[in-house]
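A structural walkthrough
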Number of protein chains: 2
Amino acid sequence: MTEEILNKKEVRITPMRQLLLEFFLEKNKVLGLSELEKAFPKSDRVTIYRTLKTFEEKGIVHGISNGTTEMKYALCHDCQVANHSDFHPHFSCLKCEELSCLESIFIPSIDLPGGYSFEKVEMTIQGVCPKCQ
Amino acid sequence: MTEEILNKKEVRITPMRQLLLEFFLEKNKVLGLSELEKAFPKSDRVTIYRTLKTFEEKGIVHGISNGTTEMKYALCHDCQVANHSDFHPHFSCLKCEELSCLESIFIPSIDLPGGYSFEKVEMTIQGVCPKCQ
DNA sequence: TAATAATTGCAATTGTGTTGCACTTGTTTT
DNA sequence: AAAACAAGTGCAACACAATTGCAATTATTA
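Reading guide: rules and limits
- Residues numbered from 1 in each chain as written.
- Chains lettered and ligands numbered in written order.
- Predicted model: local features only at pLDDT ≥ 70, side-chain atom pairs only at ≥ 80, totals over all residues.
- Heavy atoms only, no water.
- Axes fitted to C-alpha atoms, helices over the stretch in contact; angles between N-to-C directions.
- Helix = DSSP H or I, 4+ residues; strand = E, 2+ residues; numbered from the N terminus.
- Parallel < 35°, antiparallel > 145°, perpendicular 65-115°, else oblique.
- Contact = heavy atoms within 4.5 Å.
- Nonpolar A, V, L, I, M, F, W, Y, C, P; charged D, E, K, R; others polar.
- Near = heavy atom within 4 Å.
- Polar contact = N/O pair within 3.5 Å; in protein donor to acceptor, adjacent residues only side chain to side chain.
- Pairing = 2+ DSSP bridges.
- Least-squares fit on C-alpha atoms with pLDDT ≥ 70 in both.

Focus: the packing of helix α2 (residues 15–27) of chain B against helix α4 (residues 45–57) of chain B
All names here are of chain B. Contact pair α2 / α4: the axes reach a minimum separation of 10 Å and the direction vectors enclose 70°. As far as their axial angle goes, α4 and α2 are roughly perpendicular. For the pair α2 and α4, contact is made by Met16, Arg17, Leu20, Leu21 and Phe24 and by Thr47, Ile48, Thr51, Leu52, Thr54 and Phe55, respectively. For the contact of α2 with α4, the residue count by class is seven nonpolar, three polar and one charged.

With respect to the environment of Val128 of chain A
Within the element layout of this structure, Val128 of chain A appears in strand β6 (residues 117–128). Taking the C-alpha atoms as reference points, Val128 of chain A and Cys93 of chain A, separated by 35 residues in sequence, lie 4.8 Å from one another.

Some words on the protein's contact with DNA strand D
In the vicinity of DNA strand D, 20 residues are found, and the nearest of them are Tyr49 and Met71 of chain A together with Thr14, Arg17 and Arg50 of chain B. Looking at DNA strand D alone, sugar and phosphate atoms form 68% of those within 4 Å of the protein. Arg17 of chain B is positioned such that a nitrogen or oxygen atom in its side chain is 2.6 Å from a phosphate oxygen of DNA strand D. Within the side chain of Thr47 of chain B, a nitrogen or oxygen atom sits 2.9 Å from a phosphate oxygen of DNA strand D. Those elements that place two or more of their residues in the surface near DNA strand D are α4 (45–57) of chain A together with α2 and α4 of chain B. When its residues are assigned to classes, the surface near DNA strand D shows six nonpolar, four polar and ten charged.

Comments concerning unusual backbone geometry
With phi around 60°, Glu10 of chain A is a residue other than glycine that occupies positive phi space. Among the secondary structure elements, Glu10 of chain A is positioned in the loop between α1 (2–8) and α2 (15–27).

Some details on the sheet that holds strand β1 (residues 31–32) of chain A
Pairing between the strands of a sheet is mediated by backbone hydrogen bonds and can be parallel or antiparallel. Residues and elements named next belong to chain A. Ordered by their spatial adjacency, three strands build an open sheet running β1-β3-β2, and the pairing between neighbours is antiparallel. Edge positions in the sheet fall to β1 and β2 (61–64), since each of these pairs with one other strand and no more. One ladder, built from two bridges, connects β1 with strand β3 (residues 72–75); its direction is antiparallel. Looking at β3, one finds that Gly32 is bridged to Lys72. Most of the contacts of α2 go to β3, to which it runs at about 80°, and overall it touches β1, β2 and β3. Lying on the sheet, α4 is in contact with β2 and β3; it crosses β2 at an angle near 105°.

With respect to the environment of Ile105 of chain B
Within the secondary structure, Ile105 of chain B sits in the loop between β5 (99–101) and β6 (117–128). Placed 17 residues apart in sequence, Ile105 of chain B and His88 of chain B show a C-alpha to C-alpha distance of 5.5 Å. Beyond its immediate sequence surroundings of up to four residues, Ile105 of chain B is in contact with Ile110, Asp111, Leu112 and Pro113 of chain A together with Phe87, His88 and Pro89 of chain B.

A short note on the protein's contact with DNA strand C
The local shell around DNA strand C holds 20 residues, among which Thr14, Arg17 and Arg50 of chain A together with Tyr49 and Met71 of chain B are the closest. Note that a sugar or linking oxygen of DNA strand C is positioned 3.3 Å from one of the side-chain N or O atoms of Arg12 of chain A. Thr14 of chain A is positioned with one of its side-chain polar atoms (N or O) 2.8 Å from a phosphate oxygen of DNA strand C. Only α2 and α4 of chain A together with α4 of chain B provide two or more residues apiece to the surface near DNA strand C. At five residues, α4 of chain B tops the list of elements feeding residues into the surface near DNA strand C. Here the surface near DNA strand C is composed, by residue class, of six nonpolar, four polar and ten charged.

Some thoughts on the relation of the copies chain B and chain A
For these two chains of identical sequence, chain B goes onto chain A by a turn of 177° and a shift of 0.1 Å along the axis, with RMSD 0.5 Å. Taken together, the rotation angle and the small translation identify this as a two-fold axis. Minimal C-alpha separation from the rotation axis in chain B is found for Met123 of chain B, amounting to 2.1 Å. Most of the interface of chain B is mirrored in chain A, where 100% of its interface residues again form contacts.

This is the structure:
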């Protein structure tokens, strides 16, 4: 499974990359470097960092910046090659601080004023998630 | 002008606050701490930082997290007291890297799945701005 | 197998956000 | 107006995330 994805995205297969991708697939959550560090205590922080960068570049994950100081990453689902962002909004819970994908919703399209060209859009909704209600 | 705003928002008038607010009004741009540091080399970084925090708290500016690692701030226009975020999307230019407010557009409302409560929403469109076309 | 390129681990640096505390400045009370 | 108090500022220091350099290792290709 992970090998297929890595192959398709033209990313060389290495243990670290398989581990990380597997973890993303398994958790199906939005994750930051600090969480991944804890999940893989034996792995080097910088290697995880660079693996994330590689994944981002190759369209395996995409970065999400919620209000915090740490960059988060989620698996790409409906990402376009030319347009490397998901079409769904993200939800940031004010209680548990978890960030999640609202995959059932499409980001509505926007009529940009003249002169602006569109590449991608990011939408983050803040509130309280079902678990924390 | 700046004095009126500060008074209305119940923020004490100090030179730093006037300077910073004036700068925001004049530039009418989204600004980060690093830019403000450069703009006011004689002022202390922490003072600017705390002034931003005060402005944010009092509803004079609101924070915007675009893809970068640095928090940006823009003057509030249509911010609500109970819901301290603008209702317009932001535009992040991939060439000049400037962030701006698309004040003419409203963020479309979203039907959240059951169990989620809504507090606020942020929407950032990436592309190329008119100046960089 | 030799040569080459990609990946990793470690050390170190930079950048951004944040706090503590002493000092100054402004505001209020007597 | 002076004393008491509260708010704002400047400096030092710290916390943490992001990033780079480089040598060592591992994989790929000629």
